[in-house]
Amino acid sequence: MAPRKQSDEVELYNRLTLLRTERGMSRQELADAVGVHYQTIGYLERGEYSPSATLALRLAAVFGLPMEAVFSLTPFRTLSEQVYGTKEPS
């Protein structure tokens with residue numbers, strides 16, 4: 001059964017799916033790299049589970065990025081917003 005967030009938990013946003021697919025990694029490969037079950041990666045990617053600080057740091061290290069480039073308390077801006085200052089068309 002999937003871990004459930006408590007109602008008082010703050011939502012944590014992440015770029016795990018984007019980073020993992022950019023690098024051609026499977027969930028299993030990422031899970032092996034950080035020492036968790038591959039289903040945990042799925043829970044994290046879908047926002048159903050928030051990682052411990054240790055796991056968040058391990059995940060960021062796999063991608064060679066600071067933790068705040070992988071996880072955020074606010075939604076990440078899209079690439080078009082970051083580069084062009086506009087949102088993608090609906």
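Below: a short report on this structure. Remember, predicted model here, so these are calculated numbers, not experimental data.

### As for the overall build of the protein
Scanning the protein from N- to C-terminus turns up 6 helices and 2 strands. When its helices and strands are written in sequence order, the protein yields β-α-α-α-α-α-β-α. Put simply, the protein has 90 residues, and 32% of those count as buried. Summed over its atoms, the accessible surface of the protein is roughly 6100 Å², and 53% of this surface lies on carbon and sulfur atoms.

### What about the pattern of salt bridges?
Pairs can form between side chains of opposite charge once their charged atoms are near each other. All chains considered together, the criterion is met by 4 salt bridges. The shortest N-O distance in the salt bridge between R20 and E45 comes to 2.5 Å. In this pair, R20 sits in helix 1 (residues 16–22) while E45 sits in helix 3 (residues 38–45), placing the two residues 25 residues apart along the sequence. Looking at E45, the relative accessible area reads 12%, which means it is buried. One salt bridge connects E45 with R27, and the closest N-O pair in it is separated by 2.9 Å.

### A look at a nonpolar patch on the surface
On the surface, L79, V83 and Y84 cluster together to form a nonpolar patch covering roughly 380 Å² of accessible area. With respect to the element layout, L79 can be found in helix 6 (residues 79–84). Judged by its relative accessible area of 61%, L79 falls in the exposed class.

### Some remarks on the nonpolar core
Grouped together as the largest cluster of nonpolar side chains are 15 residues, with contacts concentrated most on L16, I41 and L59. When contributions to this core are tallied by element, the ones reaching two or more residues are helix 1, helix 2 (27–34), helix 3 and helix 4 (53–63). Sort the elements by how many residues they give to this core and helix 4 lands first, with 5 residues. What L59 contacts, discounting residues up to four positions off in sequence, is L16, L30, V34, I41, L44 and F71.

### Focus on the packing of helix 2 against helix 3
Two elements in contact, helix 2 and helix 3, have axes whose closest approach is 8 Å; the angle formed by their N-to-C orientations is 105 degrees. In terms of axis orientation, helix 2 runs roughly perpendicular to helix 3. On the side of helix 2, the interface is formed by R27, Q28, L30, A31 and V34, while helix 3 contributes Y38, I41, G42 and E45. In terms of residue class, the contact of helix 2 with helix 3 is made up of 5 nonpolar, 2 polar and 2 charged.

### Focus: the side chain of S72
Tracing the chain through its elements places S72 in strand 2 (residues 71–72). At a separation of 2.7 Å, a polar atom in the side chain of S72 contacts the main-chain carbonyl oxygen of T74. Here S72 is in contact with E11, L12 and Y13, once residues within four sequence places are set aside.

Conventions adopted
- Residues numbered from 1 in each chain as written.
- Predicted model: local features only at pLDDT ≥ 70, side-chain atom pairs only at ≥ 80, totals over all residues.
- Heavy atoms only, no water.
- Helix = DSSP H or I, 4+ residues; strand = E, 2+ residues; numbered from the N terminus.
- Buried < 20%, exposed > 50% of the residue type's maximum accessible area, 1.4 Å probe, protein only.
- Areas by Shrake-Rupley, 256 points an atom, 1.4 Å probe, with all protein chains shown as cover.
- Salt bridge = Lys/Arg side-chain N within 4 Å of Asp/Glu carboxyl O.
- Patch = residues over 30% accessible without salt bridge, like charges linked within 9 Å, V, L, I, M, F, W, Y side chains within 5 Å.
- Core = buried A, V, L, I, M, F, W, Y, C linked by side-chain atoms within 4.5 Å.
- Contact = heavy atoms within 4.5 Å.
- Axes fitted to C-alpha atoms, helices over the stretch in contact; angles between N-to-C directions.
- Parallel < 35°, antiparallel > 145°, perpendicular 65-115°, else oblique.
- Nonpolar A, V, L, I, M, F, W, Y, C, P; charged D, E, K, R; others polar.
- Polar contact = N/O pair within 3.5 Å; in protein donor to acceptor, adjacent residues only side chain to side chain.

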